[in-house]
Amino acid sequence: MFKIKKKAEKPKATVLYNIIEDYSEFDAPGNVTVCAMTLHEDLAAHAKVLSESYEVPLETMTKLLTEGGVYVYPQVGGILTRGLFACRIDPTGAVPKQTWTLDLMQFAEAEQLARGRGMPLDEVAAMVLHRTLPEELKTKLDQKNLGIDYRTLDRAVAKGGDIKYIDFRKDWSPHFKRLCIMPDGRLVETGGLEEFAQLHGLTMTQAKTLIEQGGTLEVNGEVLACQIVNGRPAVARFSAKNYTKAKELAATKGLHLMDALSEVGYNDPAMMRGLVRKELSGGR
């Protein structure tokens, strides 16, 4: 008798968040995506992803998520190039665990306040973060579970009970899908630099530079254009034909290439359909 082998089950993808609210259109540095979880925290998975996202040593991140505190990024060549990562844990459990980053300007403000008021850096870091957030979000944070009516939530989300943690995120990571408008008007989602690089045939260095700095990058006769809006990348890929049109337009009208590409894109019916779908779907 033959034994029927069961197919090995694929490991389930890590789920870190089941509530996501987007405030990325708000002015920097308060432009964040609020990522919350009602289910029990998978500490190992949570630490691994945040460690990779923010380049904080895994052991340090695990300790931060367990005990709370701040991680000040080390200097590079004697110069501080990044601010800090913070995790705040309410010992009473009344407020969900919260994590966030401060940029260099926010970090400098936090250090000054800490010295001036004689307060711990982690407390001041929270003050600096919350001061910059949108008023709507500040109001929600003062309410239990962000003021969400649990009767309107999906049952699988609501059954977890109260929100366990909130990550205020800004990064491009595998847990956040970004839309790219392709030459034929398709909207293609990618999550994380590796997937983005694979889609467009880029090296990781090319992808990282484009996403962090914006601009244009030629790819097999076509061109990728990336604009940084409120610290977040918006990407479109243009066909060789449209790229040629844009270069001609830039030369004859004295436009910046990015502006010329935008004009060509808005006059292309296929790409316009993609833009309209993106607006209607609230694509991030």
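Use the structure listed above.
Residues numbered from 1 in each chain as written. Predicted model: local features only at pLDDT ≥ 70, side-chain atom pairs only at ≥ 80, totals over all residues. Heavy atoms only, no water.

Caption draft 1: Unusual backbone geometry, seen in detail. The residue after Ala28, namely Pro29, is reached through a cis peptide bond having omega 5°. Checked against the element boundaries, Pro29 lands in the loop between strand S1 (19–22) and strand S2 (33–37). Although it is not a glycine, Leu146 sits at a positive phi angle of roughly 60°. With respect to the helices, strands and loops of the structure, Leu146 is situated in the loop between helix H5 (135–141) and helix H6 (155–158). Non-glycine residue Asn220 carries a positive phi angle of around 50°. By the secondary structure assignment, Asn220 is in the loop between strand S9 (215–219) and strand S10 (222–229). Under the relative-accessibility criterion, Asn220 is labelled exposed at 75%. (Helix = DSSP H or I, 4+ residues; strand = E, 2+ residues; numbered from the N terminus. Buried < 20%, exposed > 50% of the residue type's maximum accessible area, 1.4 Å probe, protein only.)

Caption draft 2: View of the environment of Thr190. Along the chain, Thr190 turns up in strand S8 (residues 187–191). Residue classification places Thr190 among the buried residues on the basis of a relative accessible area of 2%. A sequence separation of 11 residues divides Thr190 from Leu179, and the C-alpha atoms of the two residues are 6.6 Å apart.

Caption draft 3: Region of interest: the sheet that holds S2. One open sheet holds the 6 strands; their spatial order is S1-S2-S6-S5-S4-S3, and the pairing between them is mixed. If you trace the sheet from one side to the other, it starts and ends with S1 and strand S3 (69–72), each paired once. With direction set aside, neighbouring strand axes in the sheet form an average angle of 15°. Relative to strand S6 (residues 165–169), strand S5 (residues 97–102) runs parallel, the two sharing 3 bridges. When the bridges of S6 are listed, Gln98 appears paired with Ile166. (Pairing = 2+ DSSP bridges. Axes fitted to C-alpha atoms, helices over the stretch in contact; angles between N-to-C directions.)

Caption draft 4: Representation of the pattern of salt bridges. For the structure shown, the criterion picks out 12 salt bridges. Among the salt bridges present, the one from Arg151 reaches Asp149, with a minimum N-O distance of 3.0 Å. For Arg151, a relative accessible area of 75% gives the class exposed. Taking the relative accessible area as the measure of exposure, Asp149 reaches 31% and is therefore partly exposed. Of the charged contacts in the structure, one is a salt bridge between Glu222 and Arg237, with a shortest N-O distance of 2.7 Å. Taken as a pair, Glu222 in strand S10 and Arg237 in strand S11 (residues 232–238) lie far apart in primary sequence, 15 residues in all. Arg237 gets classed as buried once you look at its relative accessible area, which sits at 9%. (Salt bridge = Lys/Arg side-chain N within 4 Å of Asp/Glu carboxyl O.)

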